[in-house]
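In case you want the letters, here they are:
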Amino acid sequence: MHWVTKGLSRYGIVVAYAILIIAVASQSDRFLTKRNWLNLLDQAAPLGLIAVGVTLCIIAGIFDLSTGSVFALAAVVAAKVAAIDPWFGVAAGVGVGALLGLFNSLVMRTTGINSFIGTLSTSIIFRGIALLTTSGLIVSVADRDYKTLGTETFLDAKLTVWVFAAVAVILGITLARTTLGRALYAIGGNPEAARLVGIRVGAVQTFAYVASGTCAALAGVLTSSRTGSAQADIGIGLELSAITAVVVGGTSIFGGEGAVWRTVVGVMLLQTIGNAFNLLGVDPTYKQVVQGVLILAAVSIDHLGRRRVR
Amino acid sequence: MGHIEEGIVNPTRRGEESRFPSPAFLSAVGLTKTFGGVRGVDSADVAFYRGQIHGLVGQNGAGKSTLAKMLCGALNPDRGHIELEGVPAVFGSPRAALEAGVTMVAQELSLVPPLTVAENLLLGRLPSRGGFFNPHEMVLRARSLIEDSGFELDPQAVLGTLSQSDRQKAEILRAIARKARLVVFDEPRSSLSVPEAERLYEILKGLAADGVAVVLVTHFLAEVLRVSDVVTVMRDGSVVMTAPADGLTGGDLVEQMVGSPGVEHFASRQDKPPAGSTQRLETKGLTGQGFEDISLTVNEKEIVAIVGLVGSGRTEFLRTVYGADQPTGGSMLLDGAPRRFRSPRSAKRAGLAFISESRQVDGLFHALGVDANITIAHMQRTSRFGWLLRGLLRDRSADAARRVDVQAQSLSQPITTLSGGNQQKTLIARWLVRPPRLFLIDEPTRGVDIVSTTQIHNVISDLAGEGMSVLLVTSDFDEALAVAHRIYVFREGRLVGEFKGEEADKTKLLATAFGADNSKTAEFENHALGD
């Protein structure tokens, strides 16, 4: 393959994002301002956290459709426990996320059912538990310390953004530079071959589920910390937005290929489109159409590239 | 679809032409098919007559199934054509062939599991009344079809719940229900018991007596000789003999399948280092899915090959030794100690390595580079505390790649950019990052060019010389003769012969693998067939 086409197919998403930034900047003075970008990053952080966790799953050939519910349940648990101590609440929320990921993994491993339908079921269970714990009411946290994570800033950026950045870097390095990351790619690319070379397929998949659950919980806790409250029906549909961001970034929906940086670009691209619609004053109803077309384009490119290789 | 049925019904069924068929019903004229440079069938000329059973035999990969598929429109020939009653015809699809009265009972069954037996039998021609499907009529028709055949089968059973042999019966019955004038049976016998096979042969004879041209593709030489009127032998894609079955023996067929002696496909076998005498692997009565009561040994420094026909249980046995599948009986000793591997991982830890028969399906990681594919099985050797070290990754993969001469511009290039031969060498290199004690290789050189094949054989030989034990499975008898110190022959899931490398030749191996009557290895034969 010529290096231009090769570069385009590998970094096409970056090129697309650069073009979008230039286009929007030429139409709006407010777009390339520090204030706008800090705001954009802050809005992107919760979805970004979920999406980087989901990236590990998709690469390992797993669909995690429970992240939206984990987001809600973790937020609810954190807000409830925060009545005792706000930091204990944060820890409890994140811990619950890890446990829910572990639960997902146990369900899939013991029943052997497909992760898509399995996590779809557990997501309904998780949201049901969230509803039961709150009786459908809003849980408010009186202690002002609880709002630290969601509202305080460091070097002008919200703490939320720093948490997102840190998690993305850690998971990115895990995928790219560790034996665990290599095993995730191998399992997603060819599970039977992975088993035959002696990779512990079940254990590695458990890691992906737990990482995804933890990330979704962290996102839920940060969101609840921002408002100082939580309720059971937050984050509905986030699981699909997360998968969308992963795929738009160029990670293969079939597993075995992809990267965390791609997901970060995918999340930012989706957020920037929303931001552009606001700044340019375009009718926001078009936003969905544009996003849908974008997803279709991303998946088509993945599919066509795959056909060329095989 | 009713009008199609009319076209298929044979007007001369109680045929005047059944005894002395004059023009051929279907002829292959110079049929040629190539798969990605590999010859499948090469200018095959055969004629099939109504009222005859025509046996088609040959080694693994001789081109029987490919020829059969071209006859039935499942494959289009690259060159040559088909003549239907003397008139050139083109079957673009199995459906077109069926409309001309030609169909096939395939090796890979083509039934619909969620439907009932009756529905499967009459699919495409379901009886209807006033445009509405008539289930009662369907069951009646299916039942009479089954009763005529003498098979036992419940027309209302859901196909997916039936055993393999019952499905096979349904497949055969469907061809009969289609009232075809030429039916190709591709290994119809493979999952039937002996009495069921006898019933099958009665059905075939009945079809022939009704004026149907029957083509029987099979590995069972004695049976093909007994049942057929005419036998065609294929070798390396070519038709080498067509003769009346009367007067032929199994030995004659094997001779034709082997061809002229003295043509060695592979480099000489003198330069093998001697095998050791210490036992490395011993299986005692190992039994599992597809094989039964296998007792064999592999010594240190020894290369042992298992040969047999496709479906003889070789692959299943090898996978079970590696822990990829679990045995249902028997035991296994490694270096004298009883071992049982619950997973490939535990086998790997005990010093075993395994290469599967299909590198594309469960060997390679297509999305990873050559270096990652090489180092994936022993990542602890390229990492510290789970952290991959680029220097180690580069050095270890380069060392292993050099050992088997993997030809790549860069080891970080995608594995998909390598040729088949280099991909196969990559799989061998994968296990040399940390050399195993016992190397299990299924089809070491399938789809590999001749240069790489020789290189792979040399590497295997060198590895054995250094102390490794190698147990390989191959469909290529020449390969077994070229590389192995000892050769075991499997047939129908059983171990039926053992040969020392120097006393084996291709004729003996084939005769044993096919179970040909006048085999010179009768001693072991009779023993194995005695029970």
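Asker: Hey, could you run me through the environment of Leu440 of chain B in this one?
Answerer: Residues and elements named next belong to chain B. Its location among the elements puts Leu440 in strand 21 (residues 438-442). Note on Leu440: relative accessible area 0%, which makes it buried. Considered as a pair, Leu440 and Asp186 are 254 residues apart in the sequence and their alpha carbons are 31 Å apart. With near-sequence residues (within four places) excluded, Leu440 lies in contact with Leu318, Val321, Tyr322, Leu352, Ala353, Phe354, Ile355 and Leu471.

Asker: Quick question: what am I supposed to make of the environment of Ala72 of chain A here?
Answerer: Residue and element names in this part refer to chain A. Topologically, Ala72 is positioned in helix 3 (residues 67-81). Along the primary structure Ala72 and Ile129 are separated by 57 residues, whereas in three dimensions their C-alpha atoms are 9.9 Å apart. Once you skip the residues sitting within four places of it in the chain, Ala72 turns out to touch Arg127, Gln231, Ala232 and Ile234.

Asker: Is there a simple way to explain the side chain of Thr160 of chain A in this structure?
Answerer: All names here are of chain A. Checked against the element boundaries, Thr160 lands in helix 7 (residues 159-177). Relative accessible area serves as the criterion here: at 1%, Thr160 is assigned to the buried category. In terms of polar contacts, Thr160 uses its side chain to reach the backbone carbonyl oxygen of Leu149, at 3.5 Å. Discounting chain neighbours no more than four positions away, the residues touching Thr160 are Asp42, Ala45, Leu149, Gly150, Leu222 and Arg226.

Asker: How do you make sense of unusual backbone geometry when you look at a structure like this?
Answerer: Phi is mostly negative for residues that are not glycine, and the peptide bonds are mostly trans. All names here are of chain B. Unlike most non-glycine residues, Asp293 shows phi in positive territory, near 55°. Structurally, the position occupied by Asp293 is in strand 14 (residues 291-299). Although it is not a glycine, Asp335 adopts a positive phi angle of roughly 50°. With a relative accessible area of 34%, Asp335 lands in the partly exposed category.

Asker: Can you help me understand the pattern of salt bridges in this one?
Answerer: Two side chains of opposite charge can pair, provided their charged atoms sit close to one another. Residue and element names in this part refer to chain B. Counted according to the given criterion, the structure contains 23 salt bridges over all chains. Between Asp166 and Lys169 there is a salt bridge whose closest N-O contact spans 3.0 Å. Of this pair, Asp166 and Lys169 both sit in helix 6 (residues 164-177), three residues apart, roughly one helical turn. Each of the two residues, Asp166 as well as Lys169, counts as buried. Salt-bridge contacts for Asp478 lead to Lys506; the nearest nitrogen and oxygen are separated by 3.3 Å. Of this pair, Asp478 sits in helix 17 (residues 477-483) while Lys506 sits in helix 18 (residues 506-514), and the two are 28 residues apart along the sequence. In terms of burial, Asp478 and Lys506 fall into one category: buried.

Asker: Mind showing me how you'd approach the nonpolar core here?
Answerer: Most often, soluble globular proteins keep nonpolar side chains buried together rather than apart. Grouped together as the largest cluster of nonpolar side chains are 224 residues, with contacts concentrated most on Leu253, Phe317, Phe439 and Leu471 of chain B. Listed in part, the 29 residues of the second largest apolar core include Leu31, Ala213, Val215 and Val217 of chain B.

Asker: I keep staring at the packing of helix 7 of chain A against helix 10 (residues 201-227) of chain A and nothing clicks. Help me out?
Answerer: Any two packed helices are characterised by how steeply their axes cross, that is the angle between the axes, and by the distance between the axes. Residue and element names in this part refer to chain A. Between helix 7 and helix 10, whose axes approach to 11 Å, the crossing angle comes to 170°. Between helix 7 and helix 10, the angle falls in the class roughly antiparallel. Where helix 7 approaches helix 10, its residues Thr160, Val163, Val167, Leu171 and Thr174 are matched on the opposing element by Phe207, Cys215, Leu218, Leu222 and Arg226. When the residues that make up the contact of helix 7 with helix 10 are grouped by side-chain class, the tally is seven nonpolar, two polar and one charged.

Parameters at a glance
- Residues numbered from 1 in each chain as written.
- Chains lettered and ligands numbered in written order.
- Predicted model: local features only at pLDDT ≥ 70, side-chain atom pairs only at ≥ 80, totals over all residues.
- Heavy atoms only, no water.
- Helix = DSSP H or I, 4+ residues; strand = E, 2+ residues; numbered from the N terminus.
- Buried < 20%, exposed > 50% of the residue type's maximum accessible area, 1.4 Å probe, protein only.
- Contact = heavy atoms within 4.5 Å.
- Polar contact = N/O pair within 3.5 Å; in protein donor to acceptor, adjacent residues only side chain to side chain.
- Salt bridge = Lys/Arg side-chain N within 4 Å of Asp/Glu carboxyl O.
- Core = buried A, V, L, I, M, F, W, Y, C linked by side-chain atoms within 4.5 Å.
- Axes fitted to C-alpha atoms, helices over the stretch in contact; angles between N-to-C directions.
- Parallel < 35°, antiparallel > 145°, perpendicular 65-115°, else oblique.
- Nonpolar A, V, L, I, M, F, W, Y, C, P; charged D, E, K, R; others polar.

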